[in-house]
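# Inside the fold
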Amino acid sequence: ILQNAKALVQISTNIINVACFFCQHSAIFGHAASSHTVTIFLSFKSLFVSLKNFEVGAFSVATVMTGSIGATHLAAHQIALNLASISYMVASGIGSASMISLSYYHGKRNIVDMRKSGYASFLLVLFLMLISALTFILLRDSLPKLYVDDISVINIASSLLIIAGLFQIPDGIQAVGLGILRGIRDIRKPTIVTFISYWIISIPLSYLLGIKYGYGIYGIWVGLSIGLTLAAIFHVTRFNYLTFVKK
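Calculation criteria
- Residues numbered from 1 in each chain as written.
- Predicted model: local features only at pLDDT ≥ 70, side-chain atom pairs only at ≥ 80, totals over all residues.
- Heavy atoms only, no water.
- pLDDT = per-residue confidence, 0-100.
- Contact = heavy atoms within 4.5 Å.
- Buried < 20%, exposed > 50% of the residue type's maximum accessible area, 1.4 Å probe, protein only.
- Helix = DSSP H or I, 4+ residues; strand = E, 2+ residues; numbered from the N terminus.
- Core = buried A, V, L, I, M, F, W, Y, C linked by side-chain atoms within 4.5 Å.
- Patch = residues over 30% accessible without salt bridge, like charges linked within 9 Å, V, L, I, M, F, W, Y side chains within 5 Å.
- Areas by Shrake-Rupley, 256 points an atom, 1.4 Å probe, with all protein chains shown as cover.
- Salt bridge = Lys/Arg side-chain N within 4 Å of Asp/Glu carboxyl O.
- Axes fitted to C-alpha atoms, helices over the stretch in contact; angles between N-to-C directions.
- Parallel < 35°, antiparallel > 145°, perpendicular 65-115°, else oblique.
- Nonpolar A, V, L, I, M, F, W, Y, C, P; charged D, E, K, R; others polar.

Of the residues in the protein, 76% reach a pLDDT of 70 or more, and the chain-wide mean stands at 82. Confidence drops under a pLDDT of 50 for residues 1-11, and excluding neighbours within four residues, the segment shows 16 contacts in the predicted structure. Segment residues 24-33 is flagged for pLDDT under 50; beyond a separation of four residues in sequence, or across chains, it makes eight contacts in the model.

Here is the structure:
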């Protein structure tokens, strides 16, 4: 998931970099972009860079903590994360589509349809991630066998898939929530919340539960799950507040 997340964010960052270049140098091509348009693209660029550092860095720290426990746990950790990345990419795609849809309604100042579109995206990812969660939990003993034959790794990965199944819904909602809030140009506060969720809550909590109090890899994953859940709650609450106030 770490490499997939890096690739996805890098592609998104490259697209925004190109857009910023054309906006800032559009006079060369005979179509001058407004300073307002340039500001919007630069804001999105800043957001993607921030989110890249926060999320990728947090998962990197979690992987290092897991590696300190043992090679078997690290292997199981990578298997569970790789499986979770499949559903995360689906949620990330819905988030990108939601950003485009919400930005359209935001530009038209159509609050009613903007609210409907946002909650439709939340419900869609809720349904898909629920299927993913059930798949991970019900097939937890079979899926790791696609990667390794080591029974000790399979047993640990099987247990991790239960936790992965439980955080599928908040993980999907926070991914879509970021796209929705970007679509209505709410950038700064979600970025701050992302930082707090991963670095102020998840990482310290993962260390306390996994390393200090001896719960091992399961404590690390529970710490990450709590951060994801808090981020998801904030994104839904924030969207509801912004669209409700503007009615």
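Read on, since the account is not over.
Here we take up unusual backbone geometry. Peptide bonds are, in most cases, trans, and in most cases residues other than glycine have a negative phi. Within the chain, Arg109 stands out as a residue other than glycine whose phi angle is a positive 60°. With relative accessibility at 62%, the residue Arg109 sits in the exposed group. One non-glycine residue, Arg185, lies in the positive phi region at around 65°. Within the secondary structure layout, Arg185 lies in the loop between helix 6 (168-183) and helix 7 (188-212). Among the residues examined, Arg185 registers a relative accessible area of 44% and is labelled partly exposed.

In terms of nonpolar packing, the biggest core is built from 26 residues, with Leu160, Leu161 and Trp221 touching the most fellow members. Listed by contribution, the elements that provide at least two residues to this core are helix 2 (35-69), helix 3 (71-107), helix 5 (151-166), helix 7 and helix 8 (216-245). The biggest single contributor to this core is helix 5, with seven residues. Apart from the residues within four sequence positions on either side, Leu160 is in contact with Ala76, His77, Ala80, Ile217, Tyr218 and Trp221. Within the second largest apolar cluster, 18 residues are counted, among which are Tyr88, Phe122, Met129 and Ile173.

In this section: a nonpolar patch on the surface. Together, Ile69, Tyr207, Leu208, Ile211, Tyr213 and Tyr215 line one region of the surface with nonpolar side chains, adding up to about 590 Å² of accessible area. Summarising the element assignment, Leu208 is placed in helix 7.

Before going further, it helps to examine the environment of Leu123. Tracing the backbone shows Leu123 in helix 4 (residues 111-138). Relative accessible area serves as the criterion here: at 57%, Leu123 is assigned to the exposed category. Residues Leu123 and Ile173 lie 50 residues apart in sequence; the distance between their C-alpha atoms is 8.9 Å.

Once that is clear, we can look at the packing of helix 3 against helix 4. In the contact formed by helix 3 and helix 4, the axes pass within 9 Å of each other and the chain directions differ by 175°. Viewed along their axes, helix 3 and helix 4 adopt a mutual orientation that is roughly antiparallel. Taking contact as the criterion, the partners of Leu83, Ala84, Ser87, Val90, Ala91, Ile94, Ser98, Ser101, Leu102, Tyr105 and His106 in helix 3 are, on helix 4, Asp113, Met114, Ser117, Gly118, Ser121, Leu124, Val125, Leu128, Met129, Ser132 and Phe136. The residue makeup of the contact of helix 3 with helix 4, split by class, is 13 nonpolar, eight polar and one charged.

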